[in-house]
Amino acid sequence: MIALTVFRVAAYIRSHRIFQALLLMLALIAILYGSRAPKGAETEVLTDAAVLVIPILAWSSRSLLDTEPDQQRAMSAISVGGRLRELGAGLLAAFATSLVLIALALGWGLVLGVSAVPGPEEFAAVLTLYGLATLTGVTLGALTSRAILRSPAISIMTLLLGFLVMLMLSASPLYWLTVPVITWMKSANSAELTARLPELAAISLAWCLLGLACYAWLRRTRP
Amino acid sequence: MKDVDAHLDPGDVIEVAGVNGAGKSTLLRLLAGLTRPSSGTITDRPAVVGFAPDRFPLEQPFTVSGYLRHMSRIRGGARWEPWAERLGMAHLLGLRLGELSKGSAHKVGLTQALMCEPGLLILDEPFAGLDADTREVLPSIVTELSEGGAIVVASDHQGGLRHLPSIRHWTVVDGVVKEGTAGQRATVRVDLPVDEVRSFIARMRDEGYRVHDIVTEEQS
């Protein structure tokens, strides 16, 4: 499965599709961190960035999963020993690529975006949110990939609408009905992130796992 | 597919025929494990399956050797070089997949399917676009695999494997698989009451069978 993961990442890089997501990410973080945030605002600024990069990670994941032609996906599934492993390798490749992209955003933020590194507890919470943002992006990207939605137009619209719905719903009292990204930001702004992290992480993780389970279930009939 | 009931033994070579849209590709995908049957089961499929599609996907950013190296790693380090040599691909290894002709691309598909020493080899139109040399080599490769105990199932419009002595012929018609011996005919003697002869002959002719002379007990 690792060899297939490497194959898919290699195809994504060699096809140059990765540059679309990379350039977009660089543009976004250049704007986000155009001026250094004042001391004391580190957690808020880094949390805001974690939320804003989610659509880019979703696009990157979708793009990586769509790089492999359908017929090659069938051959890969046979070569690797089954559909489930092929599916796992695709998600792992998308996750690994997204981790690199989000690490770039975090590194840029720490070096050029904030005036100091947050305290250990806050920094651990921020790192957790970056992990959850990565998982959210991968899930959204997988659910809008070609294997699930054949039409590129519908796929990209669903990706963007999905993120917008996530933003709107998580700004409401029903924030627990989605990955509560706005609640992440609100908690960071009110210095409650570390206190609310277990609740927010549990809700976020649950929705991501549910989304990935839906993806796996839909892939049974969408090879 | 409906009412498919078949048993394949090690060494079997199956030639699958049928018009376009009859269900051949669906049958191959079911056998390969790519599609799960909506009802019924396929059991005891060999652990290692090789699959060569009718159209190899060329839209991939690799050279031929780069692609085969990746496939080899996915197959746990399978050796692809001997197969590439045997299929006459030495001059293609440095080319990008997108630069290949249909026949050359087909060879890449065959190589990735053969490199793993499959227990079940699925070939979808294996002779399509192949050059004369490879067309000659492929039946002997299939024979070797069969003698080694592999099951080979090939959808083949061109009849390239037809002369193999142990081949079994399947015909797919509207999702139904019929087994027969294509190209060869047999005469069956049927014993039935005289008063049913007319309707029996009419029924057989309606179904497309040739009916020869009628022999009654008095005549014989």
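Residues numbered from 1 in each chain as written. Chains lettered and ligands numbered in written order. Predicted model: local features only at pLDDT ≥ 70, side-chain atom pairs only at ≥ 80, totals over all residues.

## As for the overall build of chain B
Our working definition: Segments assigned H or I by DSSP are reported as helices when at least four residues long, segments assigned E as strands when at least two residues long, and all are numbered from the N terminus. The atom set for the radius of gyration is the C-alpha atoms, and the globule formula is 2.2 Å times the number of residues raised to the power 0.38.
Scanning chain B from N- to C-terminus turns up six helices and six strands. Along chain B, helices (α) and strands (β) appear in the sequence β-α-β-α-α-α-β-α-β-β-β-α when read from the amino end. Taken against the 2.2 N^0.38 rule, which gives 17 Å for 220 residues, the C-alpha radius of gyration of chain B at 22 Å runs more than 25% over that of a compact globule. A principal-axis box enclosing the C-alpha atoms of chain B has dimensions of 75 × 40 × 30 Å.

## Comments concerning the nonpolar core
Quick note on the threshold: The term nonpolar core refers to a group of buried residues, namely Ala, Val, Leu, Ile, Met, Phe, Trp, Tyr and Cys, whose C-beta atoms join them within 7 Å. Any residue with 12 or fewer other C-beta atoms within 10 Å of its own C-beta is exposed, any with 20 or more is buried, and the rest are partly exposed; the C-beta atoms used are placed from the backbone. Remark: residues whose backbone-derived C-beta atoms lie within 7 Å of one another are considered to be in contact.
One finds Val53, Leu57 and Ala133 of chain A together with Ile122, Val152 and Val153 of chain B to be the most contacted residues of the largest nonpolar core, which totals 112 residues. For this core, the element with the most residues is helix H7 (residues 120-143) of chain A, which contributes eleven residues. Look past the residues within four positions of Ile122 of chain B in its chain and what remains in contact with it is Leu28, Leu31, Ala32, Val49, Gly50, Phe51 and Val153 of chain B.

## A closer look at the confidence of the model for chain B
Worth spelling out the cut-off: One number per residue, pLDDT, summarises how confident the predictor is, and it ranges from 0 to 100.
The predicted model of chain B averages 87 in pLDDT, with 93% of residues at 70 or higher. This complex was scored by the predictor with a pTM of 0.85 and an ipTM of 0.87.

## Observations concerning the domain arrangement of chain B
When the parts come together, some accessible area is lost, and that loss is often what is quoted as the size of the interface. As a reminder of what qualifies: An automatic or database domain assignment provides the domain bounds reported here.
Split into domains, chain B comes out as domain 1 (13-180) and domain 2 (187-220). Once you take the C-alpha centre of each, domain 1 of chain B and domain 2 of chain B turn out to be 43 Å apart.

## Describing the packing of helix H3 (residues 42-52) of chain A against helix H9 (residues 181-189) of chain A
Residues and elements named next belong to chain A. To be explicit about the condition: Each axis is a line fitted through C-alpha atoms, taken for helices only over the stretch in contact, and angles between the N-to-C directions span 0 to 180 degrees. Any angle from 65 to 115 degrees is called roughly perpendicular, while one under 35 is roughly parallel, one over 145 is roughly antiparallel, and all others are oblique. Nonpolar residues are Ala, Val, Leu, Ile, Met, Phe, Trp, Tyr, Cys and Pro. Charged residues are Asp, Glu, Lys and Arg, and all others, Gly as well, are polar.
At a closest axis distance of 8 Å, the pairing of H3 and H9 adopts a crossing angle of 170°. Here H9 runs roughly antiparallel to H3, going by the angle between their axes. Contacts between H3 and H9 pair Thr43, Glu44, Thr47, Asp48 and Val51 from the former with Val181, Trp184, Met185, Ala188 and Asn189 from the latter. Partitioning the contact of H3 with H9 into residue classes produces five nonpolar, three polar and two charged.

## Some thoughts on the environment of Ala206 of chain A
All names here are of chain A. Among the structural elements, Ala206 can be located in helix H10 (residues 193-219). You can call Ala206 exposed: it has 12 C-beta atoms within 10 Å. In the structure, Ala206 is positioned 103 residues away from Ala103 in sequence and 23 Å away in space, judged by C-alpha atoms.

## With respect to helix H4 (residues 54-67) of chain A
In an α-helix there are 3.6 residues to a turn, and that puts residues three or four apart on one side. All names here are of chain A. So the rule is basically this: The span you would expect from a helix comes to 1.5 Å times its residue count less one.
The end-to-end C-alpha distance of H4, which contains 14 residues, comes to 20 Å, matching closely the 20 Å that a straight helix rising 1.5 Å per residue would cover. With twelve of 14 residues buried, H4 is to be regarded as a mostly interior element. Where H4 is concerned, the buried positions are Ile54, Pro55, Ile56, Leu57, Ala58, Trp59, Ser60, Ser61, Arg62, Leu64, Leu65 and Thr67.

## Concerning the sheet that holds strand E2 (residues 49-52) of chain B
Residues and elements named next belong to chain B. Basically, it comes down to this: The rule for pairing is simple: two strands pair if DSSP sees at least two bridges between them.
Strand order in the open sheet formed by six strands is E2-E3-E4-E1-E5-E6, with mixed pairing between adjacent strands. Looking at strand neighbours, the two that pair on one side only are E2 and strand E6 (176-180), the edges of this open sheet. Across the sheet, the mean angle from the axis of one strand to that of its neighbour is 20°, orientation sign disregarded. In terms of strand pairing, strand E1 (residues 13-17) meets strand E4 (residues 151-155) through four bridges, oriented parallel. Across the sheet, the residue bridging to Val16 is Ser155, located in E4. Contacting E2 and strand E3 (120-124), helix H4 (residues 102-114) crosses the sheet at an angle of about 175° to E2.

## With respect to the interface of chain B and chain A
At the interface, 20 residues of chain B touch 19 residues of chain A. When contributions to the side of chain B that touches chain A are tallied by element, the ones reaching two or more residues are E2 and helix H2 (64-74) of chain B. With four residues, H2 of chain B is the single largest residue contributor to the side of chain B that touches chain A. For the side of chain B that touches chain A, the residue count by class is ten nonpolar, five polar and five charged.

## A word on helix H2 (residues 18-32) of chain A
Residues and elements named next belong to chain A. Note the following rule: The directions from the helix axis to the C-beta atoms form the arc being described.
When the terminal C-alpha atoms of H2 are compared, their 21 Å separation across 15 residues agrees well with the 21 Å that a helix rising 1.5 Å per residue should span. Burial in H2 covers these residues: Ala21, Met25, Ile29 and Leu32. For H2, the buried positions fall inside an angular range of 60° around the axis, keeping them on one side. In H2, the exposed residues that point more than 90 degrees away from the buried face are Phe19, Leu23, Ala27, Ala30 and Ile31. In this fold, the buried residues of H2 make contact with H3, H4 and helix H6 (83-113).

## Considerations on the pairing of E6 of chain B
Residues and elements named next belong to chain B. Where strand E5 (residues 167-173) meets E6, five bridges bridge the pair, whose relative direction is antiparallel. In the strand pairing of E6, Thr171 is matched with Lys178. What sits between the antiparallel neighbours E5 and E6 is a turn of two residues, in which Asp174 has the positive phi angle 50°.

## Structural notes on unusual backbone geometry
Residues and elements named next belong to chain B. Of note, Glu117 is a non-glycine position whose phi angle comes to about 50°, a positive value. Following the sequence through the fold, Glu117 ends up in the loop between H4 and E3. Even without being a glycine, Glu125 presents a positive backbone phi close to 50°. Mapped onto the secondary structure, Glu125 falls in the loop between E3 and helix H5 (132-147).

## Thoughts on the pairing of E2 of chain B
Residues and elements named next belong to chain B. Of the two faces of E2, both are covered, the one formed by Val49 and Phe51 as well as the one formed by Gly50 and Ala52. Two strands pair when backbone bridges link them, and E2 and E3 are joined in this way by four bridges, in the parallel orientation. Considered in E3, the bridge of Ala52 is made with Leu123.

## Overview of the packing of helix H8 (residues 152-170) of chain A against H9 of chain A
Residues and elements named next belong to chain A. Look at H8 against H9: their axes get within 6 Å of each other, and the N-to-C directions meet at 50°. Regarding the angle of H8 to H9, the classification is oblique. For the pair formed by H8 and H9, the contact residues are Met166, Leu167 and Ser170 on the first element and Val181, Ile182 and Thr183 on the second. Here the contact of H8 with H9 is built from residues that sort into four nonpolar, two polar and no charged.

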